[in-house]
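Coordinates in review
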Amino acid sequence: MSGDWIVISPSRKKRPEQLVKKLSTRKKVSKKQCLFEDLKKVSPVEPILTYGEKDWRLAIVENRYPAFAHKQSCPLPAKNGPYPIMDAIGHHELVITRDHDKNFPKLSANEAKQVFEAFRDRYLMLLNDKCVEYVSIFHNWGPIAGASIYHPHYQIIAVPVIPPDVNHSLKGSDRYFKEHKKCVHCVMLEWELESKKRIIFENEGAVAFTPFFSREPFEIRVFPKKHLPYFENTLDADMDYAVEALQAALKKMQKNLKDPDYNFFIHTAPVKNKEKHAHYHWHIEVIPKTTIRAGFELGTGVEINVVDPDEAAKMLRK
């Protein structure tokens, strides 16, 4: 789809099991020391949304230290010498769950569904901001994955541009659709479901698998089976299937890879020009932190994956 090259080189490691070791020790912080136990300390303003009748179980709050700051005006393209620039205007928010220790795979099924319900609720609110081009939703778990605070939380960042990686994915999907009149992700899903080699979890409406083109060892993707371009338009039943598949995949990763740090993020069609992106298929990408990118990868953009995705699936299915 992308035209990128990926090297699958299991000979660089004798066995996939050799990668199953922690890159760092996750340090637990006591609840008394945790900033996220008191929402008033997290953000200078009232929460955007809270869930829970008497006391909050989940809250969406403004990030005290945003990468993108909200303003009433939209950013205008400008130049600084030869360089195009734009003010970083948007939204940067935290989705905080109440339990101090439960990251996503440890949540109950209902709690996990509520996290994605909150993602969707806030996404639909952000559609009203004419400055927003794309809404990025992601979770960092552990210091190697970029989480500076132990308490489980998720982030929503709405930006005034379509990010390069998303644009890359959109263009590949569009190119394939114009050539074959089919959704490239649906074609891949059909093949994965037929071969069964890389499937690690499947339910009626979603599937989790290690992609044939995995860039990272033990990379996982979760797709709704229906062709759904827009995360925010996904109905409850289809969302619940995807949430169940994501939780199942993370639990397998936690158990079989010795609980690594990880990132997961949602790729979805952009906010505007929706008819233009109907070929796309929203999904979740999961990247466990088992290796560190080195000079060749950074210098060429060609990824070297030392674990065959087929073998990765076998380990994760255990």
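As the structure is a computational prediction, the values presented were derived from the model and not from experiment.

Moving on: the environment of Lys28. Along the chain, Lys28 falls in the loop between β1 (6–8) and α1 (39–42). For Lys28 and Asp174, which are 146 residues apart along the polypeptide, the C-alpha to C-alpha distance reads 44 Å. In contact with Lys28, not counting residues within four places along its chain, are His100, Asp101 and Tyr150. Side-chain polar atoms of Lys28 contact the side chain of Asp101, separated by 3.4 Å.

For the rest of this paragraph, the subject is helix α3 (residues 164–180). Helical periodicity: at 3.6 residues per turn, an α-helix aligns residues three or four positions apart in one direction. Over its 17 residues, α3 extends 24 Å from the first C-alpha to the last, a length consistent with the 24 Å expected when each residue adds 1.5 Å. Among the residues of α3, those classed as buried are Val166, Ser169, Leu170, Gly172 and Ser173. Each buried residue of α3 lies within a common arc of 160° when the element is viewed along its axis, so the set occupies one face. Residues of α3 that are exposed and point over 90 degrees away from its buried face: Pro164, Lys171, Lys178 and Glu179. Contacts made by the buried residues of α3 are with β7 (134–141), α4 (184–195) and β12 (262–267). Once α3 ends, the next one or two residues include Lys181, with phi positive near 60°.

Moving on, we come to the packing of helix α5 (residues 236–256) against helix α7 (residues 309–317). With their axes 8 Å apart at the nearest point, α5 and α7 run at an angle of 90° to one another. By the angle between their axes, α5 is roughly perpendicular relative to α7. Together, Lys252, Met253 and Asn256 of α5 and Met315, Leu316 and Arg317 of α7 make up the contact between the two elements. In terms of residue class, the contact of α5 with α7 is built from 3 nonpolar, 1 polar and 2 charged.

Positive phi is not limited to glycine here, since Lys196 has a value of about 65°. You can see Lys196 is positioned in the loop between α4 and β9 (199–202). With a phi close to 50°, Asn273 is a non-glycine residue in the positive phi region. Mapped onto the fold, Asn273 is located in the loop between β12 and β13 (283–288). Asn273 sits in the partly exposed class, given a relative accessible area of 47%.

Conventions adopted
Residues numbered from 1 in each chain as written. Predicted model: local features only at pLDDT ≥ 70, side-chain atom pairs only at ≥ 80, totals over all residues. Heavy atoms only, no water. Helix = DSSP H or I, 4+ residues; strand = E, 2+ residues; numbered from the N terminus. Contact = heavy atoms within 4.5 Å. Polar contact = N/O pair within 3.5 Å; in protein donor to acceptor, adjacent residues only side chain to side chain. Expected span 1.5 Å × (residues − 1). Buried < 20%, exposed > 50% of the residue type's maximum accessible area, 1.4 Å probe, protein only. Arc of directions from axis to C-beta. Axes fitted to C-alpha atoms, helices over the stretch in contact; angles between N-to-C directions. Parallel < 35°, antiparallel > 145°, perpendicular 65-115°, else oblique. Nonpolar A, V, L, I, M, F, W, Y, C, P; charged D, E, K, R; others polar.

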